Amino acid sequence: MADLRESIPQGAAAMPSRRRKRDIGGISPLWNAVFSAAIGLFALSCVFPFLFIIIISLTDEKALAIDGFSIIPSKFSLEAYRFLMQSGQQMLQSFGVTVLVTVIGTILTLYLVSTYAYAISRKNFAQRRFFSFLAFFTMLFSGGLVPGYIVMTQFLHLRDTLWALILPSILNAFYIIVMRTFFATTVPDAIIESAKIDGASEFGIYTRIVLPISLPGIATIGLFSTLGFWNDWFNALLYIDSPNLIPLQTLLIRIQNNMDFVVTNSSKVVSYDIAATLPTETVRMAMVVLATLPIALAYPFFQKYFIQGLTIGSVKE
Amino acid sequence: MPGILKSLLKNKAFLLMVLPGAAWFIIFAYLPMFGTIIAFKDFRIHPGGFFKSVYESDWVGFKNFEFLFSTDDAYIITRNTILYNVGLIALGLVLAVTLAVVMNELLNKRLAKMYQTAMFMPYFLSWVIISYFVFSFLNVEKGVFNQILAYFGADPVSWYNETKYWPYFLILLGLWKSAGYGSVVYLAAIAGIDKSLYEAAMIDGASKWQQIKSITLPQLKPLMIILTVLNLGGIFRSDFGLFYQVTRDSGALYPVTNVIDTFVYRGLTIMGDMGMSTAAGLYQSFVGLILVLTANWAVRKIEKDYAVF
């Protein structure tokens, strides 16, 4: 925040500030009401669709067939969730894949980003300009989808492996910029200098002094990364065929047009009769709810760190 | 030579720190950049692996580009990509700044905080999830829109087959998803404006509107310029999920939903035309690079402090 202030030129000459008033003149109550209502409406539109999906997932399948998607269903039912409890093996498998990929991916991201960003944030690192450029140039130019795809499949041979979901997304220049700015602004040079005089090695300084005081920055990157892995479906779309390795978001794509995928992979005892009477539409929506719930519940608590990250990221050095 | 060696040795702790990240950049960013030369080749997969495949494929010069630009596709995807991005960047800027300024003025700060939390929600959801949201409104038989039409006695619309509505849908959804995210940065900047400026203005009898026009907006200008320059650099890139998932990859909608990213993806996965898809990707990256350098150069000309680099 302090940086953001610096990046804004203080144009007009500031008058010598007199007694500081707490409220520097608000808008009139009428305008306040109008604006509150307008923004409130927009804010509502941002959460309403999710609530609507929850309602649909709790609707009785037959009522849904007659009435269509409705805010106040004529009949509620937990059938969709019951079905997922009984024969949701594919859902469970995908849930596991997503959790595993998110955890491994985030740990690797934090390791790569924090070490790289710390090194290039230190002014006594002679090659810092070269390695800064190595990272930031990737923001300006990229080889594109196809060469990346060929490298993944022909060079690294990672098609249909868990690593195909992790490795392409564990690093990007934006994370490094945020983290480097964080190190440069919050870690005082004096601490590092005094540690050096006490004979600490560069690694010792990094692990024992810099990391502990940089936890808010680490948390920010960790959350960006967690969200990215949790919401990723593109890598799986490109590289994954095996049902065992399909993450949640990609499972949701596969069931968009048919539910066979869930049924055939879930349980061998499901016969065609049962498949025909599947509560398909509500099960789909129930799966969307279950895939979103962790994020929806967690994010109000983490919003602060996100905002911090966004604010730091938009500041130039 | 010994000088460089000595410097490397002296910095070996830092070099070990950047090593894993640098290796990642080389494999996942610079190797694909090298791979773009297959845009000038007739790419064939060789059992000998990546380098062998690239090396053994025959040079064809600009054939892939000629093929790309000889069809209508190149024009349509370029037009769609640019128009959607211009719309999203311009309207997104106006929306984000307006929301930030107005939210900052709301008298009930608790309410403003709550609104902010709600508006941030779509940013945290994937386009796959949002495509289901959209589906609940646009589904032909059960969707909300057709229910409303039926209520007024109108015929149902097959939304996923009607191109004329989608430019509006896509722009609205793009704005909707990023409004909360966009306004946060400006809100933080407004919070950082020197309060004495407003006090001085009030002593001079300036109204709230005059204060916003003469203090808040000019103070936000550098940030607006920086973020817009960065966005302009991405004018040749699109949010793949918005154009592919939300439209449910509906073929009938391609004329208004096909952008460079979806074109390259389909070229790779459906047609398997590696050479032409790479050419399209290189065209995208190359023009994008020139645009961002030009935008930055132009800004630097006007006001040096506002340039991004």
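Residues numbered from 1 in each chain as written. Chains lettered and ligands numbered in written order. Predicted model: local features only at pLDDT ≥ 70, side-chain atom pairs only at ≥ 80, totals over all residues. Heavy atoms only, no water.

Caption draft 1: A look at the overall build of chain B. Looking only at helices and strands, one finds 15 helices and two strands in chain B. In terms of overall size, chain B is more extended than a compact globule, its C-alpha atoms giving a radius of gyration of 25 Å where 309 residues would be expected to give roughly 19 Å. A separation threshold of at least 6 residues defines the contact pool for chain B, and within that pool the share at least 24 residues apart is 64%. Per element, the accessible surface of chain B, about 14300 Å² overall, is 67% carbon and sulfur. One way to put it: in chain B the 24 positive side-chain charges average out to a point 10 Å from where the 19 negative ones average out. (Helix = DSSP H or I, 4+ residues; strand = E, 2+ residues; numbered from the N terminus. Rg over C-alpha atoms; globule rule 2.2 N^0.38 Å. Contact = heavy atoms within 4.5 Å. Areas by Shrake-Rupley, 256 points an atom, 1.4 Å probe, with all protein chains shown as cover. Lys, Arg positive; Asp, Glu negative; His and termini not counted. Charge placed at Lys NZ, Arg CZ, Asp CG, Glu CD.)

Caption draft 2: Layout of the interface of chain A and chain B. With 112 residues of chain A at the interface, the matching set in chain B holds 109 residues. Of the roughly 10000 Å² buried between chain A and chain B on both sides combined, carbon and sulfur atoms contribute 76%. Where chain A meets chain B, there are one salt bridge. Here Glu-281 of chain A makes a salt bridge to Lys-142 of chain B, at a shortest N to O gap of 3.3 Å. There are 19 residue pairs in polar contact (both at pLDDT 80 or more) connecting chain A and chain B. Looking at which element gives the most residues to the side of chain A that touches chain B, the answer is helix 2 (residues 29-57) of chain A, with 17 residues. For the side of chain A that touches chain B, the per-class residue count stands at 75 nonpolar, 27 polar and 10 charged. (Buried area = accessible area lost by both parts, 1.4 Å probe. Salt bridge = Lys/Arg side-chain N within 4 Å of Asp/Glu carboxyl O. Polar contact = N/O pair within 3.5 Å; in protein donor to acceptor, adjacent residues only side chain to side chain. Nonpolar A, V, L, I, M, F, W, Y, C, P; charged D, E, K, R; others polar.)

Caption draft 3: Seen up close, empty space enclosed by the protein. Residue and element names in this part refer to chain A. The tally for this structure, following the rule as stated, stands at two cavities of 30 Å³ or more. In this structure, the largest cavity is lined by Thr-98, Val-101, Leu-165, Phe-229, Asp-232 and Pro-247. Residue composition of the lining of the largest cavity, by class: four nonpolar, one polar and one charged. (1 Å grid on protein atoms, 1.4 Å probe; cavity = no way out; pocket = protein on both sides within 12 Å on 5 of 7 lines; lining within 4 Å. Points joined across faces, edges and corners; volume = space filled by probe spheres on them.)

Caption draft 4: Quick look at the UniProt feature "domain: ABC transmembrane type-1" (unreviewed entry) in chain B. The feature "domain: ABC transmembrane type-1" (unreviewed entry), as given by UniProt, occupies residues 78-295 of chain B in the numbering adopted here. Helix makes up 75% of residues 78-295 of chain B and strand 0%. Its end C-alpha atoms lie 19 Å apart. (UniProt positions renumbered as here; feature names shortened; annotations may be inferred.)

Caption draft 5: Spotlight on the pattern of salt bridges. In this structure the tally under the stated criterion is 11 salt bridges over all chains. For the salt bridge of Glu-79 of chain A with Arg-82 of chain A, the shortest nitrogen-to-oxygen distance reads 3.2 Å. Of the two residues, Glu-79 of chain A and Arg-82 of chain A both sit in helix 4 (residues 79-87), three residues apart, roughly one turn of that helix. Residue class for Arg-82 of chain A comes out partly exposed when judged on its relative accessible area of 43%. Residue Lys-164 of chain B is joined to Glu-162 of chain B by a salt bridge in which the shortest nitrogen-to-oxygen separation is 3.9 Å. Owing to a relative accessible area of 54%, Lys-164 of chain B belongs among the exposed residues under this scheme. In this structure Glu-162 of chain B comes out as partly exposed when scored by relative accessible area, which is 30%. (Buried < 20%, exposed > 50% of the residue type's maximum accessible area, 1.4 Å probe, protein only.)

Caption draft 6: Structural context of the side chain of Asp-232 of chain A. Relative to the helices and strands, Asp-232 of chain A resides in the loop between helix 12 (215-230) and helix 13 (234-239). For the buried residue Asp-232 of chain A, which engages in no salt bridge, the nearest side chain bearing the opposite charge is Lys-177 of chain B, 12 Å off. There is a polar contact of 3.2 Å between the side chain of Asp-232 of chain A and the side chain of Asn-235 of chain A. Non-local contacts of Asp-232 of chain A, meaning those with residues more than four positions away in its chain, are made with Pro-247, Gln-249 and Thr-250 of chain A.

Caption draft 7: Spatial organisation of the packing of aromatic side chains. If you walk through the whole model with that rule in mind, you get 56 aromatic pairs over all chains. Look at Phe-234 of chain A and Phe-240 of chain B: their rings are 4.9 Å apart centre to centre, the planes differ by 65 degrees, and that puts the pair in the edge-to-face class. Within this pair, whereas Phe-234 of chain A is found in helix 13, its partner Phe-240 of chain B is found in helix 12 (residues 240-244), the two belonging to separate chains. Under the relative-accessibility criterion, Phe-240 of chain B is labelled buried at 10%. Among the aromatic residues, ring-to-ring pairing joins Phe-48, Phe-52 and Phe-69 of chain A together with Phe-135, Phe-137, Phe-145, Trp-159, Tyr-160, Tyr-165, Trp-166 and Phe-169 of chain B into one connected group. Lys-41 of chain B extends its terminal NZ or CZ atom over the ring of Trp-59 of chain B, reaching a point 4.5 Å from the ring centre. If you follow Lys-177 of chain B out to its NZ or CZ, it ends over the ring of Trp-127 of chain B, 5.0 Å from the centre. (Phe/Tyr/Trp six-rings, centres within 6.5 Å; stacked < 30°, edge-to-face > 60°. Lys NZ or Arg CZ within 6 Å of the ring centre and 35° of its normal.)

Caption draft 8: Up close: the UniProt feature "transmembrane region" (unreviewed entry) in chain B. Residue and element names in this part refer to chain B. Feature annotation in UniProt assigns "transmembrane region" (unreviewed entry) to the following positions: residues 12-40, 82-102, 114-135, 165-189, 223-244 and 281-299. Between the end C-alpha atoms of residues 165-189 the distance is 36 Å, and the span holds 96% helix and 0% strand. As annotated, residues 223-244 comprises 73% helix and 0% strand, and the C-alpha atoms at either end are separated by 31 Å.

Caption draft 9: Inspection of the environment of Ile-218 of chain A at higher detail. With respect to the helices, strands and loops of the structure, Ile-218 of chain A is situated in helix 12. Taking the relative accessible area as the measure of exposure, Ile-218 of chain A reaches 16% and is therefore buried.

Caption draft 10: Fine view of the packing of helix 2 of chain A against helix 7 (residues 127-138) of chain B. Direction vectors running N to C along helix 2 of chain A and helix 7 of chain B enclose 70 degrees, while the axes themselves pass 10 Å from each other. Overall, the two elements helix 2 of chain A and helix 7 of chain B adopt an arrangement that is roughly perpendicular. Of the residues in helix 7 of chain B, those in contact with Phe-48, Pro-49, Phe-50, Phe-52, Ile-53 and Ile-56 of chain A of helix 2 of chain A are Tyr-132, Phe-133, Ser-136 and Phe-137 of chain B. (Axes fitted to C-alpha atoms, helices over the stretch in contact; angles between N-to-C directions. Parallel < 35°, antiparallel > 145°, perpendicular 65-115°, else oblique.)

Caption draft 11: How the structure looks around unusual backbone geometry. A positive phi angle is found at His-157 of chain A, which is not glycine, with a value near 50 degrees. Examined against the element boundaries, His-157 of chain A turns out to sit in the loop between helix 7 (145-155) and helix 8 (163-166). Non-glycine residue Arg-248 of chain B carries a positive phi angle of around 55 degrees. With respect to the secondary-structure elements, Arg-248 of chain B resides in the loop between helix 12 and helix 13 (254-257). Judged by relative accessible area, Arg-248 of chain B falls into the buried class, the value being 18%.

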